[in-house]
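Coordinate analysis (summary)
Listed here are the chains, written in short residue letters.
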Amino acid sequence: MKKHEDYITHINNSEDNVYLKSKHFPVNMRLFQTSPEYKNIILQQCNYIRELCLDVKEGYKKPHGMSSANAGLAFNIIKITKNRLQDNEYCKILINPRIVEYMGDLVETTSNCGSITLENSIKLKRSSEIIVNYFDEKGNEFVELFTRETGAFTIQHEVDHNLGILITDY
Ligand SMILES: [Zn+2]
C-alpha cells in the first residue's frame, strides 16, 4: 500500500513548509477560459488532488477534504469529499475558494490534519455556516452557502491551508 507521507506534505519536513505556510496563488481564470493548455494544467492538478483523496494510504484515514497545500501544489485549489465512505462518494473541487461571509453559530469542533498528524485531535471553533465564492472545473463561478452538514468546517480548514494557516496556529 502507498504511504501517506510519500504523497502529503508534512510540517516535519522543512522542504514542505513553504507549501504549508504560504498564501497560494489564485488560478488565473482569464487564462483558464482562453488557453486550453493552461486549463489542462489546472485540471490535471484538480485530478491529482482528487486521486490523493479517494485513494486511501497507509498511515492516515480517508480525509474529509484536501488542499493544494497538502498536495505540494502552489495554486489555490481545495476539495471536499461528498457522501464520504458511501457508494456514491465523490470529490467536489473548488478553485480559488474564498469565504465571503461567516454566518451561524461559532461551534467547538475537534480537528486533525494530514500534514500535521497530531496524536490527538485538537479543539477549535468554526462557523457553522459560510458563504463561499469559488469556480468549478468548467470555470463557472459560484457563491454558495455551506452548512456544517454540507462541508462548512472542512472548507474552513482547507481554505486556511491555502492561506498558510494551520490548525495549530489557533
Ligand atoms: Zn489539514
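Residues numbered from 1 in each chain as written. Predicted model: local features only at pLDDT ≥ 70, side-chain atom pairs only at ≥ 80, totals over all residues. Heavy atoms only, no water.

Here the focus is the sheet that holds strand E5 (residues 141–147). Two modes of strand pairing occur in sheets, parallel and antiparallel, and in both the strands are linked by backbone hydrogen bonds. Reading across from one edge, E1-E2-E3-E4-E5 is the order of the 5 strands in this open sheet, with antiparallel pairing throughout. Both edges of this open sheet fall to strand E1 (65–67) and E5, since each of them pairs with a single strand only. Neighbouring strand axes in the sheet, compared pairwise and without regard to direction, differ in orientation by 35° on average. In this structure, strand E4 (residues 122–135) lies alongside E5, joined through 7 bridges in antiparallel fashion. Pairing of Tyr134 across the sheet is with Phe142, part of E5. Strands E1, strand E2 (77–82) and strand E3 (90–111) of the sheet are contacted by helix H3 (residues 36–54), whose axis makes an angle of about 50° with E3. Sheet strands touched by helix H5 (residues 152–161): E1, E2, E3, E4 and E5. Its angle to E4, the strand with the most contacts, is close to 85°. (Pairing = 2+ DSSP bridges. Helix = DSSP H or I, 4+ residues; strand = E, 2+ residues; numbered from the N terminus. Axes fitted to C-alpha atoms, helices over the stretch in contact; angles between N-to-C directions. Contact = heavy atoms within 4.5 Å.)

Rolled over the atoms, a probe sized like a water molecule indicates the empty space that remains. By volume, the largest pocket amounts to about 740 Å³. When residues of the lining of the largest pocket are traced back to their parent elements, those giving at least two are H3, E1, E2, E3 and H5. Of the residues forming the lining of the largest pocket, the biggest block, 6 residues, is contributed by H5. Here the lining of the largest pocket is built from residues that sort into 11 nonpolar, 17 polar and 10 charged. Of the voids in this model, the second largest pocket is the one considered here, and its volume is about 280 Å³. In terms of lining, the second largest pocket is formed by 15 residues, of which the most central are Lys23, Asn76, Pro97, Arg98 and Leu163. Taken together, the elements giving at least two residues each to the lining of the second largest pocket come down to E3, E4 and H5. Top element by residues in the lining of the second largest pocket is E3. It accounts for 5 residues. Among the residues making up the lining of the second largest pocket, the classes are represented as 7 nonpolar, 5 polar and 3 charged. (1 Å grid on protein atoms, 1.4 Å probe; cavity = no way out; pocket = protein on both sides within 12 Å on 5 of 7 lines; lining within 4 Å. Points joined across faces, edges and corners; volume = space filled by probe spheres on them. Nonpolar A, V, L, I, M, F, W, Y, C, P; charged D, E, K, R; others polar.)

Our focus in this paragraph is empty space enclosed by the protein. One pass over the structure, following the stated rule, counts 1 cavity of 30 Å³ or more. In this structure, the largest cavity is lined by Cys113, Arg126, His157, Asp160, His161, Ile165, Leu166 and Ile167. Element by element, the count of residues in the lining of the largest cavity is highest for H5, at 3 residues. Counted by class, the lining of the largest cavity contains 4 nonpolar, 2 polar and 2 charged residues.

These figures capture arrangement, not role.
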